[in-house]
Structures are given as structure tokens and as C-alpha cells.
Amino acid sequence: MHLLQTVHKKKRETDRCQSLLEKLTKELQQRKEHKTRIDSWLSTHKQNWFQVKCLRRLEVVIRFMQMCIYPRVFFTTTDAVFAAKFILVLHQKAFLRFSTLICLDQIFNDLTLPVSMCTEAESHRYGRFLCTILNFVMRWHASSEVYAQECSKYPGFVTAIQDSDKLSYEDYRHVVYKWHYRITKSVVACLESCNYVQIRNGLIVLTRIAPHYPKLVNFGNAVERRLSKLKTEDKRPDIKALALSCMGMLKPHKADWRAEDKFHNISQRQQMKSDDAPVEANPTNTNSAPANSPVVEVMQIKKAEPTVRKVVKDKAEEPVPAKKRKPSVENAIEDVVEVSSRY
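Computed from a predicted structure; not experimentally measured. (Residues numbered from 1 in each chain as written. Predicted model: local features only at pLDDT ≥ 70, side-chain atom pairs only at ≥ 80, totals over all residues. Heavy atoms only, no water.)

**Section: helix H11 (residues 237-250)**
Along an α-helix, residues three or four apart share an orientation, since each turn contains 3.6 residues. Definition in use: Going along the chain from the N terminus, every DSSP run of H or I of four or more residues is numbered as a helix, and every run of E of two or more is numbered as a strand. Multiplying 1.5 Å by the residue count of a helix minus one yields the expected span of that helix. Burial status follows relative accessibility: with a 1.4 Å probe on protein chains alone, a residue under 20% of its type maximum counts as buried, one over 50% as exposed, and anything between as partly exposed. To obtain the arc, one takes the directions from the helix axis to the C-beta atoms. Contacts were defined at the residue level, with two residues in contact if any of their heavy atoms lie within 4.5 Å.
Along its 14 residues, H11 runs 20 Å from first to last C-alpha, staying within 8% of the 20 Å computed at 1.5 Å per residue. Within H11 the residues assigned to the buried category are Ile239, Ala243, Cys246 and Leu250. End-on view of H11: buried residues confined to an arc of 60°, all on one side of the axis. Of the residues in H11, the exposed ones pointing more than 90 degrees away from the buried face are Pro237 and Leu244. Elements in contact with the buried residues of H11: helix H9 (196-208) and helix H10 (217-233).

So this is what it looks like as C-alpha cells:
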């Protein structure tokens, strides 16, 4: 009798699994058909999107982010991932008036404000959004072949209006370095803040983007020092736990951290200056900060990012007049494109 009940139970379970498999197979086919229809619709109507001629591309992207992306990012985790992948779809569909570079530049421009305004749950969603964005950003950065196939021929990477110049692979690596610098600047500002919400949300976002950030040794060390300080000096147990969790999540990826010259090609002049720069503050100078102080560390990070003013000064010292620079599409990446032309 017991054996007969076991057989009937297994048969019912088998029938249930088979029915579920058939339903999932049918739903998968429906989803594929729906995706095909949406792809066809986007390809047909993409010429009508972002056709506001009275606005520059930067203004178009800002309105797109404010009205379409950010409201959905903080809604649910699924919506956060969807918003990030929708940006990738717009790039892959080659929308003419949509600049992928400017959109990404606006996302990484300043993370401090969005992090400060989030609730704890929204911080997790915002971190997932950034992690998904960094996923394809770093995939393009890792290989020149992938970049040539997925980026260099797309209108989202146009840098000049007149002759439709595309951003080269090396210039893109400079831009990604700039974005990592901005992320580091925002993370350090959050972790050194006196605001509990800002510290907590910064730690949550950092745990979410840990698979793709940090990727540079100097930026990673700067973040690690702040985490270590929070772990040892902060009296709030939840902050200590989050800091310890962040350090644990960064540790497996520490082997992938690279020096700056491995991340992007820096000029020989910058290499000479970085080699000649003192590692520690001058002990004879009473006004100098300690070597590991936040002031010295932020200054070292700041020196790593070339500025337009320095480039203009260097050009003025050259005996040969500088070549006339092509007009940039947007001010958001103008400094990076201008600096990268000197590498």
C-alpha cells in the first residue's frame, strides 16, 4: 500500500513538472515573439526619436535621464536593470540623436547627490543600475576588437559634428579612466561624510558595483583606507558591518586591479612627473599633510586626471602653432577628447 502511494505521488509530481515545462516553453516562445515585434518597432521608429532640433544633444540626454531613466531606476531592482539595458539597446539600435558617450558621462558625473537622496532599498537598486552600466562599459574597455565591433561604428560615439569622427579606442580608455576617477571622488566623499545616510548608502552602492569597481590600484587603495577607517573607528554596528562586507567583496577582485599605465596610455611627460613626484609629504615642511592623509591622497588622485587648462598651457609653450581643434559635440566629453589628442 505504501509503495502504491509512493508511485502515485511520483506520477503526480512528474505530471506537474511536465505541465510546468510546457507552460514555460509556451511563455518563452511568446516572449521571443514579443521581443521580435519590439525590435522591429524600434528599428522602424528610431528616426523619429530625439528629434528636438532646438536642443543640443547634451540637453536631450539630460531630459531623457530625468524623465525616463532615473524615475524607473529607483522603482524596483528589475526596473533598475531594465533602465541600464535600455540605454544599451538605444546604442545598439543606432539612434542618430542619442549620444551614448554623453549619457554615460552624465551617469558618472556625480554619484554623491543620487546616493544622498536614496532610501536604503533605493540604494540597492541604484547600485544594480550602476553595476549593469559598468558591465558593458568595462567590456568595451577590455578589448579593442569588441570596441571596434560594438562602438566605433555607432552614432552614439560620434565626437565631431562636421565629419562624424568617432571616438578611438585609446580615447575611450581615457574617458573610462575619467569616469573611474569621478566614481572614486564620489565614493570618498560619501565615506568621509558626517551624514549617516550618505555613508550607509555609499557603502551599499559600493557593494553592488564591486565586480567592476575599482579597477585601478590607486583608486582601490583610497577606497580601502576609508573602509578600514570606518571599520575600526565608527561606533555604529551597522556601518561597521557594511564596511567589513565591502572589504570582503573587494578582496577577491583585488588581483584584477591595475596600474594607471595599464588601464590607459599615459603620456611620457605624465610618467616622468609621476616618477619624480614624492611618495610622502616633505617632513621638513610644517604645512604639508601626512602621507596617508585624505588631503594628500585626493591631491594625488586629482593630479592623475589631466585638465584642459594644463593642455592649453602646454600648447602655448610649443614653438609650432597648435592644430585647430575640431568642434566637439558636447562639453561633457570635450576635455577628455582634447587631452586624449595629445597622447
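Structure's up, so let's keep going.
**Some words on the nonpolar core**
Generally speaking, soluble globular proteins have nonpolar side chains that are buried together. Selection criterion: Residues belong to a common nonpolar core when they are buried Ala, Val, Leu, Ile, Met, Phe, Trp, Tyr or Cys residues joined through side-chain atoms within 4.5 Å.
In this structure, Ile107, Phe108, Tyr126, Phe129, Ile133 and Val137 are the most contacted members of the largest nonpolar core, which totals 70 residues. Elements that contribute at least two residues to this core include exactly helix H2 (57-73), helix H3 (77-92), helix H4 (100-107), helix H6 (120-142), helix H8 (169-191), H9, H10 and H11. If one sorts the elements of this core by residue count, H8 sits on top with 11 residues. If we ignore the near neighbours within four places in the chain, the residues touching Ile133 are Ala84, Ile87, Leu104, Ile107 and Phe108.

**Let's talk about the packing of aromatic side chains**
The relative placement of two aromatic rings is captured by the distance of their centres and the angle of their planes. The criterion, for reference: Centres within 6.5 Å make a pair out of two Phe, Tyr or Trp rings, where for Trp the six-membered ring is used; the pair is then stacked when the planes are under 30 degrees apart, edge-to-face when over 60, and tilted otherwise.
Evaluated as defined, the whole model comprises 18 aromatic pairs. Arranged with centres 5.8 Å apart and planes meeting at 55°, the rings of Phe157 and Tyr172 form a pair that is tilted. Of this pair, Phe157 sits in the loop between helix H7 (144-150) and H8 while Tyr172 is found in helix H8, placing the two residues 15 residues apart along the sequence. Accessibility classification places Phe157 together with Tyr172 in one group, the buried group. An aromatic cluster is defined as three or more aromatic residues linked by ring pairs; in this entry it consists of Phe108, Phe136, Trp140, Tyr147, Phe157, Tyr169, Tyr172 and Trp179.

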